[in-house]
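Descriptive structure summary
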Amino acid sequence: MIYHVKELQFDARVSGPDPRFARLLLEQFGGANGELKAAMQYFTQAFTCRKPYPDKYDMLMDIAMEEFSHLEIVGATITMLLSGVNGELKNATEDADLRNLVQANKQKEHIAHTSAHFLVHSGGGPMVTDSMGNPWNGFFVNANGDLTVDLRSNIAAESRAKITYEYLMQFTDDPHVKESLGFLMTREIAHMNMFTAALADIRPNFPPGILQGDPRATHTYFNLSDGHDVRGPWNQGQGPWPQGQEWTYVENPVQQVRATQGQKRQPVTGGERSPDELKRMSKELAEMRAKQIKTAVPTSGEQSWSDYPNPDKPEPAGLRR
Ligand code: MN
Ligand code: MN
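So, a few notes on the structure that sits alongside this text. (Residues numbered from 1 in each chain as written. Chains lettered and ligands numbered in written order. Predicted model: local features only at pLDDT ≥ 70, side-chain atom pairs only at ≥ 80, totals over all residues. Heavy atoms only, no water.)

1. Considering the layout of surface pockets
Over the atoms rolls a probe the size of a water molecule, and in doing so it shows where empty space is left. In this structure, the second largest pocket encloses a volume near 570 Å³. As for the second largest pocket, its lining consists of 18 residues, of which P207, Q212, W241, L278 and M281 are closest to the centre. Of the residues in the lining of the second largest pocket, the class split is 10 nonpolar, five polar and three charged. (1 Å grid on protein atoms, 1.4 Å probe; cavity = no way out; pocket = protein on both sides within 12 Å on 5 of 7 lines; lining within 4 Å. Points joined across faces, edges and corners; volume = space filled by probe spheres on them. Nonpolar A, V, L, I, M, F, W, Y, C, P; charged D, E, K, R; others polar.)

2. Concerning the coordination of the manganese ion (ligand 2)
Protein coordination at the manganese ion (ligand 2) comes from E67 (OE), E158 (OE), E158 (OE), E188 (OE) and H191 (ND1), with a distance range of 2.0 to 2.3 Å. Distance-wise, the manganese ion (ligand 1) is placed 3.7 Å from the manganese ion (ligand 2), both being coordinated by E67. Of this pair, E158 sits in helix α9 (residues 147-169) while H191 sits in helix α10 (residues 175-201), and the two are 33 residues apart along the sequence. The exposure class of E158 is buried, given its relative accessible area of 1%. For H191, a relative accessible area of 0% translates into the label buried. (Donors = N, O, S within 2.8 Å, 3.2 Å for Na, K, Ca; no water. Helix = DSSP H or I, 4+ residues; strand = E, 2+ residues; numbered from the N terminus. Buried < 20%, exposed > 50% of the residue type's maximum accessible area, 1.4 Å probe, protein only.)

3. Let's talk about the packing of aromatic side chains
Under the counting rule described, the total for this entry stands at eight aromatic pairs. Seen from their ring centres, F43 and F68 are 6.5 Å apart, and the 75° between their planes marks the pair as edge-to-face. Here F43, found in helix α3 (residues 35-49), pairs with F68, found in helix α4 (residues 54-81); they are 25 residues apart in sequence, far enough to count as distant. Judged by its relative accessible area of 22%, F43 is partly exposed. (Phe/Tyr/Trp six-rings, centres within 6.5 Å; stacked < 30°, edge-to-face > 60°.)

4. Observations regarding unusual backbone geometry
Looking along the chain, the bond that leaves R203 and enters P204 is cis, with omega of -5°. Mapped onto the secondary structure, P204 falls in the loop between α10 and β1 (220-222). P207 follows F206 through a cis peptide bond whose omega is -5°. Residue position: P207 is located in the loop between α10 and β1. Even without a glycine there, the phi angle at Q261 is positive, about 50°. Topologically, Q261 is positioned in the loop between α11 (253-259) and α12 (275-296). The phi torsion at Q263 lies on the positive side, around 75°, for a residue other than glycine.

5. Overview of the pattern of salt bridges
In this structure the tally under the stated criterion is nine salt bridges. Here K162 and E166 are joined by a salt bridge, their closest N and O atoms 2.4 Å apart. One end of the pair, K162, and the other, E166, are both in helix α9, four residues apart, so they sit about a helical turn from each other. Look at K162 and you get partly exposed, because its relative accessible area is 21%. Taking the relative accessible area as the measure of exposure, E166 reaches 31% and is therefore partly exposed. Three or more residues are tied together by salt bridges with common partners; here these are D55, K56 and D201. (Salt bridge = Lys/Arg side-chain N within 4 Å of Asp/Glu carboxyl O.)

6. A closer look at the environment of K178
Relative to the helices and strands, K178 resides in helix α10. When the C-alpha atoms of K178 and Y165 are compared, they prove to be 9.6 Å apart, with 13 residues separating the residues in sequence. The contacts of K178, once residues within four sequence positions are left out, are M169 and T172. A polar contact of 2.7 Å, which involves the side chain of K178, links it to the backbone oxygen of M169. (Contact = heavy atoms within 4.5 Å. Polar contact = N/O pair within 3.5 Å; in protein donor to acceptor, adjacent residues only side chain to side chain.)

7. Description of the coordination of the manganese ion (ligand 1)
Bound to the manganese ion (ligand 1) on the protein side are E35 (OE), E35 (OE), E67 (OE), H70 (ND1) and E188 (OE), at distances that span 2.1 to 2.7 Å. All donors of the manganese ion (ligand 1) belong to a single chain; written as a sequence motif, their spacing is E-x31-E-x2-H-x117-E.

8. Overview of the packing of α3 against α4
Relative to each other, α3 and α4 sit at 160°, their axes nearing to 8 Å. For the element pair α3 / α4, the angle class is roughly antiparallel. Crossing angle aside, the handedness with which α3 passes α4 is left-handed. (Axes fitted to C-alpha atoms, helices over the stretch in contact; angles between N-to-C directions. Parallel < 35°, antiparallel > 145°, perpendicular 65-115°, else oblique. Left-handed = near helix turned anticlockwise from the far one by under 90°.)

Shown next as C-alpha cells:
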C-alpha cells in the first residue's frame, strides 16, 4: 500500500515565476531519465525481486518511494515556476478573450511562444512529457527479472539522472531552485552507491544470468578499425580474471575470421579454461539460482503476497514484520 504525506521531502521554493526553466525541468518529470522513470523502474523491478531477495526488495521499494517523492518536488517546482499561469487561465471565463490576456502579459506572451503547452494543455501544471513535449513511455523502464541486470540498469539510470540535474543547474540563476536541484542531484549520487553496494553483495554477479561465455571468445579483442590503434587495460595484459588469464588482441580480424572458419576452429586463448569446466560452473550456478527462487516462491497452489500471523500456526522465532 502506498501512503501520501502532504509535505515535500525537501522544502522546495522558487524566487519567482520562470516558465522557460519550468519547461526545461519537465525533463526530470516525464523524461527518459527523469524521476517518474526512476520510480517506475525500481517499483517494477521489486516484484520479481521480492521473494528471492527480500533484503534488496526492501531497498528497491524504499528508493522507488523516494523517486516518487522527487517527482513530487519536481512537479511542485514546475507549478511554482508557472505561478500565475493557472490563475490567469481561470480568469479567462470572466474576461472571455484569452488573446487579450496573452497579449497584455509579456510573460505569458513569452510562454505562448516557447512553451505553449503549459497554456493550452496543462493549464499551468506539469505534464508527463519531457522538455520537448514527447510523452513519457513505459519503454523507459528497464526491468529484466535478473537482479544483477536490474541493478546495473539502475546504476546507469542514476548516472543519467545525476548528469541531467547538473546540466539543468546551468540554466537557472534562482538560488532556491538551485538548492532543490542540488538536493535531488545529491540523492542520485547516494542511490548510485546503494545500487553499487547491493550489486557487490550478490556473489557471483558476473556475467549476469547463469550461462558462462564460450572461452574461445570471452577474452578476445577485435581490432575492427583502421588507423591509430590504442592498447589499454581493456585489450591487453591481465583482464578481470584470475591470475594467468589475459586479453587476446586480434590485430587482423578479417584474417582471423578466415583462418578460424568463422570462429569454429578458434582454440581457447588467453589462459587455460576448459569448456567442461565452464559448463560445470554454469550448471552449478543454475542449480543455486533456481534453488534460491524455488525455495522462495511456491510454484503451485494458493498464494498470498502478504504474510499475516496465523493463529493456528506458531510463528518461527525471530521473524520480524
Ligand atoms: Mn530522484
Ligand atoms: Mn535516484
